[in-house]
Each structure stands twice: as structure tokens, then as C-alpha cells.
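Spelled out, the chains give:
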Amino acid sequence: MGDRFQVYAMTFKASLQAKLEYKLDFVIGLITSTMLQLAALGFLWVVFHQASTLRGWTQPQVVFLFGLTATALGMSELFFNHIWMLPYYIVMGDLDRLMVYPVRSLPFLLISRPELHSFGNMATGLVLAYASLWKLHMPWVDWLLVPLWAACGSLIYTASLVVFSSLSFKFIGPFSYSLMIPHALLQASRYPLSIYPQWVHYTLLVLVPFGTFNYLPGNWVFGNLLSPWAVLAAPLAALGSLAAAQWFWDRGLAQYQSTGS
């Protein structure tokens, strides 16, 4: 087990160092991702210019959801982003090389292509989340829980990408359109789930449980929920999502056939 983790760590380190060789790409990616997050925040400002609250959520409270979502996205892009290439690898037969490494194929694939623009998403997200807590004078324990909730969010998001990308084993094609579904749902979770229809609310809490790492903790932080399950929902959802992702990956990999090239 220790040898496997050493292989994962060395692979991730080598991939990250290779990416960092292109300093201009890093700077451009950092600026672009930051500007995209700020653009979404600008739209939020427009919304609150017309309404004082969103179903009882004030602007700083919604900014907290924005921050957690951006941080979770950035963490996934940094540590687990390679899943986006799976459809192409299946078509080209490049997945064959995963079969010969003395490690588990799924985590090795996930960690071997970090994206540098992830730092912009993480930095912006953390600033937004902590700025919201500071403005609302929240206790220190809430500040300490932010990294935990964001990490759980990154695992839930990554697991959902794995589940949807596993469809590529059945419906073969070089494009990752199916992965846009969890990405769009993640972006939707930046807003309070109470503003959506009941079926969307259910989807984002149970089927693709993004609401467990931002909406439920947000309700707990701001005093709308007193149950400790609001705090524990994210870790539990992360564990369940990872188990589901591994199951879908194993079923998909069992159907994989090399191109023979």
C-alpha cells in the first residue's frame, strides 16, 4: 500500500513540475480562472441589486456557497482532472498502458494531469468563503471546517465525473459531452437549492449530492439547521460517491476492448 501511494505521489509531482515549466500558461490560466469566477460573482451582484435575498439567503451567505463551490472545483482540477481525457483514450487505445502499471488504474489516471488554472479557482474560492464568514462574524470553528467541506466537494464532484465518463466505455466516442452534466450541476449548486424546483433540489442532495458540501453546511453555519448531520453529510456523501465511482469504473473497464494498434 505504501509503495502505491509513493507511485501516485511521484507521478503527480512529475506531472505538476512538467506543467509548471510553462510559466506563461500558469499566469494566463490563473488570471482566466479568477476572472471567470469574478464574472459569475458579478452576475450575483446584479441579482441582489434587484432583490434583497434569495429565498431568505443574503448576499454574503450566497457568496459563501460560491466560495465553497469554486474551491471544490479547483481542488478537483488540481488533483483529479485527467478523467476528462478518458473518452479520447478509449477511442485511441491509450488506456492500455494503465493495465501494466502496478497500481490501481482509476487513481493513477486521475492524478496524472493537474491543471494550473485550478490555483485561480481555489484561491478565489477560499477568499470568497472566508470573506463571507468574516463579514458575518462567524465563529472560528466555521473557518476550520471550510477546507474539509471543500475537499469533500472535490471528491464528490470527481466521483460524479468518473460515473458519467464511464458511459464512454459503452457509448464510444472521442468527446466528453457527458462530463458537462456534473459540471453544469456543480455550477447550479452555487445558489441556494431552495430556489430550484423540488426535483432539482432532490437531484443535488441525493443523486448528485453537491448540496451536501455547500448548501447543508451553509444552512448549519447560518443557523438554519441545528442537526449535526448538516456537518457530517459532506464526508458521508464523499465516501458514498467514491464507492459508486469505483463500481462504475470497474463495470466500464470490464467492457473495454483495445484498438489493437
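Our structure's up above, just so we're on the same page.
What you see is a predicted model, and the numbers here were worked out from it, not measured in a lab.

A. View of the packing of helix α7 (residues 140-165) against helix α8 (residues 180-188). Close contact between α7 and α8 brings their axes to 8 Å; oriented N to C, the two are set at 150 degrees. Relative to α8, α7 is oriented roughly antiparallel. Helix-helix and strand crossings are classified by hand; for α7 and α8 the assignment is right-handed. Of α8, the residues touching α7 (which contributes Y157, S160, L161 and F164) are I181, P182, H183 and L186. Tallied by class, residues from the contact of α7 with α8 come to six nonpolar, two polar and no charged.

B. Layout of a nonpolar patch on the surface. Judged by side-chain polarity, W229, L232, L236 and L239 come together as a nonpolar surface patch covering roughly 460 Å² of accessible area. The topology assignment puts L239 in helix α11 (residues 229-254).

C. Seen up close, the pattern of salt bridges. The full count for this structure, using the stated rule, is two salt bridges. Note that E115 is salt-bridged to K19, the shortest N-O span being 3.8 Å. Here the residue E115 occupies a position in the loop between α5 (105-111) and α6 (118-135), and K19 occupies one in helix α1 (residues 2-20), the gap between them amounting to 96 residues. Look at E115 and you get buried, because its relative accessible area is 15%. With a shortest N-O distance of 4.0 Å, E115 and R113 are connected by a salt bridge. Taking the relative accessible area as the measure of exposure, R113 reaches 29% and is therefore partly exposed.

D. Examining the packing of aromatic side chains more closely. In this structure the tally under the stated criterion is twelve aromatic pairs. Taking 6.0 Å as the distance between ring centres and 85 degrees as the angle between the ring planes, the aromatic pair formed by W57 and F222 counts as edge-to-face. Here the residue W57 occupies a position in the loop between α2 (23-50) and α3 (59-79), and F222 occupies one in the loop between α10 (215-221) and α11, the gap between them amounting to 165 residues. The pair formed by W57 and F222 is uniform in burial state, with each residue classed as buried.

E. Seen up close, the packing of α2 against α3. Where α2 contacts α3, the two axes come as close as 11 Å, and the packing angle between them is 160 degrees. When the axes of α2 and α3 are compared, the pair comes out roughly antiparallel. Of the two possible hands of crossing, α2 and α3 adopt the one that is right-handed. Contact with α2, carried on its side by Q37, A40, L41, L44, W45 and F48, involves Q59, V62, V63, F66, A70 and L73 of α3 and no other residues of that element. Tallied by class, residues from the contact of α2 with α3 come to ten nonpolar, two polar and no charged.

F. Looking closely at unusual backbone geometry. The backbone of R55 shows a phi angle near 50 degrees, a positive value even though the residue is not glycine. Within the secondary structure, R55 sits in the loop between α2 and α3. Using a relative accessible area of 62% as the deciding quantity, one classes R55 as exposed.

G. Fine view of the nonpolar core. In this structure, F64, I83 and F210 are the most contacted members of the largest nonpolar core, which totals 72 residues. Not counting the four nearest positions on each side in its chain, F64 is found in contact with A129, S132, L133, V146, W149, G218, V221 and F222.

H. A look at the environment of L207. Here L207 is to be found in helix α9 (residues 198-207). On the accessibility criterion, L207 (56% relative accessible area) is exposed. Measuring from C-alpha to C-alpha, the distance between L207 and S160 comes to 9.6 Å, with 47 residues separating the pair along the chain.

I. Expanded view of the environment of P209. Here P209 is to be found in the loop between α9 and α10. C-alpha separation for the pair P209 and S241, spaced 32 residues apart in sequence, amounts to 8.3 Å. With residues near it in sequence (within four places) discarded, P209 still touches I156, T203, L204, A237 and S241.

J. Structural detail: α6. Spanning 18 residues, α6 covers 26 Å between terminal C-alpha atoms, matching the ideal 26 Å at 1.5 Å per step. Buried within α6 we find S118, G120, N121, M122, T124, G125, L128, A129, S132 and L133. Looking one or two places after α6, you find H137, whose phi comes out positive at around 60 degrees.

What counts, and at which threshold
- Residues numbered from 1 in each chain as written.
- Predicted model: local features only at pLDDT ≥ 70, side-chain atom pairs only at ≥ 80, totals over all residues.
- Heavy atoms only, no water.
- Axes fitted to C-alpha atoms, helices over the stretch in contact; angles between N-to-C directions.
- Helix = DSSP H or I, 4+ residues; strand = E, 2+ residues; numbered from the N terminus.
- Parallel < 35°, antiparallel > 145°, perpendicular 65-115°, else oblique.
- Left-handed = near helix turned anticlockwise from the far one by under 90°.
- Contact = heavy atoms within 4.5 Å.
- Nonpolar A, V, L, I, M, F, W, Y, C, P; charged D, E, K, R; others polar.
- Patch = residues over 30% accessible without salt bridge, like charges linked within 9 Å, V, L, I, M, F, W, Y side chains within 5 Å.
- Areas by Shrake-Rupley, 256 points an atom, 1.4 Å probe, with all protein chains shown as cover.
- Salt bridge = Lys/Arg side-chain N within 4 Å of Asp/Glu carboxyl O.
- Buried < 20%, exposed > 50% of the residue type's maximum accessible area, 1.4 Å probe, protein only.
- Phe/Tyr/Trp six-rings, centres within 6.5 Å; stacked < 30°, edge-to-face > 60°.
- Core = buried A, V, L, I, M, F, W, Y, C linked by side-chain atoms within 4.5 Å.
- Expected span 1.5 Å × (residues − 1).

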